[in-house]
Amino acid sequence: MAHTGDPPAAAQALDWGLLPRALLGVLALLCGNGFIVGINQVYDVDIDTVNKPFLPIAAGAALLCPLISSAVRLGVVGCATVLLKCSVQDVGVRRTG
């Protein structure tokens, strides 16, 4: 089979303009997951001490205040990313609509 030099149909179907919005979505999801896991670590210390003593807080290797602060920061960044993503989409709709 000879190569014609044309890109495959699947590559032509990709809209690379969506990549920044997709990356913002992934960032928001990762921040949301970090927030949820951080808060879970804080609230389940008693349970984790018995069932999962190898976790950082249950083992006494991590302090609560920095973890809470990091979890809240991740939550704020995740929410800000969602708001930014929504505002970028709104602007795009207004320009084309």
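Residues numbered from 1 in each chain as written. Predicted model: local features only at pLDDT ≥ 70, side-chain atom pairs only at ≥ 80, totals over all residues. Heavy atoms only, no water.

Q: Before we go on, may I ask you to explain the side chain of T81 in this structure?
A: Assignment of secondary structure puts T81 in helix 4 (residues 64-96). Those residues within four positions of T81 in sequence are excluded, and the remaining contacts are L24, L27 and A28. (Helix = DSSP H or I, 4+ residues; strand = E, 2+ residues; numbered from the N terminus. Contact = heavy atoms within 4.5 Å.)

Q: Any chance you could explain the confidence of the model for the chain here in plain terms?
A: For the chain, the average pLDDT comes to 78, and 76% of its residues sit at 70 or higher. Confidence, expressed as mean pLDDT per element, reaches its minimum in the chain at helix 1 (residues 9-13) with 65 and its maximum at helix 3 (residues 45-51) with 90. In the predicted structure, residues 93-97 sits below a pLDDT of 50 and forms zero contacts with residues beyond four places in sequence or in another chain. (pLDDT = per-residue confidence, 0-100.)

Q: What's the story with the environment of G32 in this structure? I'm lost.
A: Tracing the sequence through the fold places G32 in helix 2 (residues 19-43). Along the primary structure G32 and G78 are separated by 46 residues, whereas in three dimensions their C-alpha atoms are 5.7 Å apart.

Q: Just checking my understanding: could you explain the environment of P56 for this structure?
A: Mapping P56 onto the fold places it in the loop between helix 3 and helix 4. With 15 residues separating them along the chain, P56 and Q41 place their C-alpha atoms 8.9 Å apart. P56 has contacts with A61 and A62, leaving out every residue within four places of it along the chain.

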